[in-house]
Amino acid sequence: MAEEAERQEINALHRSRYGGSGDMLISEFIDNVYLPWARTNKLHPRNDEMHSEVIKDYFKKKTFNQVSPLLIEKFKRERRESITRFKRRRAPASVNRELEVLGRIFTMAQDNGVIESNPCRKVKKLRQDNQRNRFLTADEEERLLSMCVGLRSHLRPIITVAVNTGMRKGDLLGLTWQQVDFERGVVFVPNRKAGDGRGHFLPMNSQVLSELVRLHAQRMGEQVFDIKDVKKAFATACRMAGIINLRFHDLRHTAATRLAEAGADAFTIAAILGHSTIQMSARYTHIADDRKRQALEAIARVRTQSGHNEKEAPAFGAPKAMKIKVSRGGLEPPTRWLKASCSTT
């Protein structure tokens, strides 16, 4: 009922001010409708606010009727070719996030009767191939933790919990003691990325449990980690430890990679890290080279146990002298060769 009342108010405002469909300014709709909705319904509306500023700046005095799929394609191309403040070409993922916000704005305008169709649906997103497989090695972890002393001592428990749980930085810094259940040995991790209020319970291993017990004895506030951000301190610790090209989010990759190396399947990794799809977790199982090597070595052991010499091993296929009996049902292999194959397998 509240949503329907809001829709009617927006339609009335639109009719009284513009009279015709699609004559509302995009910037005005963003300020008066979209951003208030995002701040009310999303846990983290900051990204919507940031992307909305880009959209408002580009389309400026444009109304909904003046925006066509061709103009959106131009927006996509120019944003892709633009240079970031780090002197790098803007990544496809960044442009796609802006296109998603623009699409949501047009969808909301369509739902409220401002426009009849959404031109964003005719524009394809850019192809993304910017997945990072950087993870922390055991030697790098030891060097990194050795630098977490003095002014950077607060990093040590955060890094330890991140590597042993795979939690995102936002989930770690927003963790409260109400989410920690010492009796059951679990931590409740809300789905902050999706913003739907749901989440999952994450078991604590011995390292996480000892760190949180120690912190709980020292701090009586609501937050587990009483700090707003760790970006500068983490970058300084990495530089002092001689670790190159490591981001805090790579600690999440580290946890997933170590889970794969320990034998966890994609479903288990998805349940622990809170992935929405198995495909996101399956890529970590491909990184576990030790498991691949063990599987390939198993093939060699099977052939060795069957009495074949590696140099004298015949090519795959049926033996040359094998006789094949033809019946009405098709080709019928000799019983002797079939039994030998089954015993080897």
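Keep in mind it's a predicted model, so treat the numbers as computed, not measured.

Definitions and cut-offs
Note that residues are indexed from 1 along each chain, following the sequence as it is written. Per-residue local features of the predicted model are confined to residues with pLDDT of at least 70, and side-chain atom pairs are confined, for both listing and counting, to 80 or more; whole-chain, interface and lining totals are unaffected and use all residues. To obtain the side-chain values, all non-hydrogen atoms of the structure were included, while hydrogens and water were left out. Paired strands are those between which DSSP finds at least two bridges. Helix and strand labels come from DSSP, where a helix needs a run of H or I of at least four residues and a strand needs a run of E of at least two; each type is numbered from the N terminus. Salt bridges are defined as contacts in which a side-chain nitrogen from Lys or Arg sits within 4 Å of a carboxyl oxygen from Asp or Glu. Partly exposed describes any residue whose relative accessible area lies between the buried limit of under 20% and the exposed limit of over 50%, with all areas from a 1.4 Å probe on protein chains only and scaled to the type maximum. Helix axes use the C-alpha atoms of the stretch in contact, all axes being lines fitted to C-alpha atoms, and the angles between their N-to-C directions lie in the range 0 to 180 degrees. An angle below 35 degrees is read as roughly parallel, one above 145 as roughly antiparallel, one from 65 to 115 as roughly perpendicular, and any other as oblique. For any helix crossing, the convention is left-handed if the near helix is rotated counterclockwise from the far helix by under a right angle, and right-handed if that rotation is clockwise. Contacts are residue-level and defined by heavy atoms, with any inter-residue pair within 4.5 Å sufficient. Residue polarity is assigned by list, with Asp, Glu, Lys and Arg as charged and Ala, Val, Leu, Ile, Met, Phe, Trp, Tyr, Cys and Pro as nonpolar; anything else, Gly included, falls into the polar class. In this analysis, rings of Phe, Tyr and Trp, with Trp reduced to its six-membered ring, are considered paired at centre separations within 6.5 Å, and the interplanar angle assigns stacked below 30 degrees, edge-to-face beyond 60, and tilted for intermediate values. Working rule: Lys NZ or Arg CZ, within 6 Å of ring centre, within 35 degrees of ring normal, means a charge sits over the ring. By definition, the arc is the one covered by directions from the helix axis to the C-beta atoms. Expected span, for any helix, means 1.5 Å times one less than how many residues it has. A residue's pLDDT is simply how confident the predictor is in it, with values from 0 to 100.

Focus: the sheet that holds strand S3 (residues 199-203)
Move 1: Ordered by their spatial adjacency, three strands build an open sheet running S1-S2-S3, and the pairing between neighbours is antiparallel. Each of the sheet's edge strands pairs with one partner strand only, and the pair in question is strand S1 (180-181) and S3.
Move 2: Where strand S2 (residues 186-190) lies against S3, five bridges are found, and the strand directions are antiparallel. For Pro190, the partnering residue across the bridge sits in S3 and is Gly199.

Some remarks on the pattern of salt bridges
Move 1: In this structure the tally under the stated criterion is 15 salt bridges.
Move 2: A salt bridge links Asp48 to Lys42, with the nearest nitrogen and oxygen atoms 3.1 Å apart.
Move 3: In this structure Asp48 comes out as buried when scored by relative accessible area, which is 4%.
Move 4: Across the salt bridge formed by Arg79 and Glu98, the nearest N and O atoms sit 2.7 Å from each other.

Quick look at the packing of helix H4 (residues 69-81) against helix H5 (residues 92-111)
Move 1: Axis separation between H4 and H5 bottoms out at 9 Å; the angle between their running directions is 150°. If you check the angle between H4 and H5, you find them roughly antiparallel. Crossing handedness for the pair H4 and H5: right-handed. Between H4 and H5, the contacting residues are Ile72, Phe75, Lys76, Arg79 and Arg80 on the first element and Pro92, Val95, Glu98, Leu99 and Leu102 on the second.
Move 2: Residue composition of the contact of H4 with H5, by class: six nonpolar, no polar and four charged.

As for unusual backbone geometry
Peptide bonds are, in most cases, trans, and in most cases residues other than glycine have a negative phi.
Move 1: Although it is not a glycine, Lys60 sits at a positive phi angle of roughly 45°.
Move 2: The topology assignment puts Lys60 in the loop between helix H3 (46-59) and H4.
Move 3: The class for Lys60 is exposed, based on a relative accessible area of 52%.
Move 4: One non-glycine residue with positive phi stands out, namely Asn245, at about 60°.
Move 5: Here Asn245 shows up in the loop between helix H10 (231-241) and helix H11 (250-261).

Focus on the environment of Ile158
Move 1: On the secondary structure map, Ile158 appears in helix H7 (residues 155-165).
Move 2: Owing to a relative accessible area of 1%, Ile158 belongs among the buried residues under this scheme.
Move 3: On a C-alpha basis, the gap between Ile158 and Leu212 in space is 9.9 Å, while along the polypeptide they are 54 residues apart.
Move 4: Each residue touching Ile158, except ones within four places of it in the same chain, is listed here: Leu172, Leu173, Phe225, Ile227, Val230 and Phe248.

Remarks on the pairing of S2
Move 1: In terms of residue burial, S2 counts as a mostly covered element, since four of its five residues are buried.
Move 2: Looking at chain direction, S1 and S2 are connected through two bridges and run antiparallel. Looking at S2, one finds that Val180 is bridged to Val187.
Move 3: Adjacent in sequence and paired antiparallel, S1 and S2 are bridged by four residues, among which Gly185 carries a positive phi angle near 70°.

Overview of the packing of helix H2 (residues 26-41) against H5
Move 1: Packing of H2 against H5 leaves a shortest axis separation of 11 Å and a crossing angle of 90°. The pairing of H2 with H5 is recorded here as roughly perpendicular in orientation. Mapping the contact onto sequence places Ile26, Phe29, Ile30, Val33, Tyr34 and Trp37 in H2 and Val101, Arg104, Ile105, Phe106, Met108 and Ala109 in H5.

Overview of the packing of aromatic side chains
Move 1: Per the stated rule, a full pass over the model turns up nine aromatic pairs.
Move 2: Here the aromatic rings of Tyr58 and Phe59 are separated by 5.1 Å at their centres, their planes lie at 75°, and the arrangement is edge-to-face.
Move 3: Relative accessible area serves as the criterion here: at 2%, Phe59 is assigned to the buried category.
Move 4: An aromatic cluster is defined as three or more aromatic residues linked by ring pairs; in this entry it consists of Phe29, Phe64 and Phe106.
Move 5: A cation over an aromatic ring shows up here: Arg184 above the ring of Phe201, its NZ or CZ 5.1 Å from the ring centre.

What to know about H10
Move 1: Taken together, the buried positions of H10 are Ala233, Phe234, Ala237, Cys238 and Ala241. Each buried residue of H10 sits inside an arc of 135° when the element is viewed along its axis, so together they form one side. Relative to its buried face, H10 has exposed residues pointing more than 90 degrees away, namely Lys231, Lys232 and Arg239.
Move 2: Immediately beyond the C-terminal end of H10, within one or two residues, lies Gly242, with a positive phi of roughly 75°.

What about H4?
Move 1: With 13 residues, H4 extends 18 Å between its outermost C-alpha atoms, agreeing within 8% with the 18 Å of an ideal straight helix rising 1.5 Å per residue.
Move 2: Among all positions in H4, only Leu71, Ile72, Phe75, Lys76 and Arg79 are buried. Projection of H4 onto a plane perpendicular to its axis shows the buried side chains occupying an angular sector of 145°, all on one side. Set apart from the buried face of H4 by more than 90 degrees, the exposed residues are Leu70 and Glu81.
Move 3: Buried residues belonging to H4 abut H3 and H5.

With respect to the confidence of the model for the chain
Move 1: Put simply, the chain has an average pLDDT of 81, and 76% of its residues get 70 or more.
Move 2: Every residue in residues 310-345 is under pLDDT 50, and counting partners more than four places away or in other chains gives 16 contacts.

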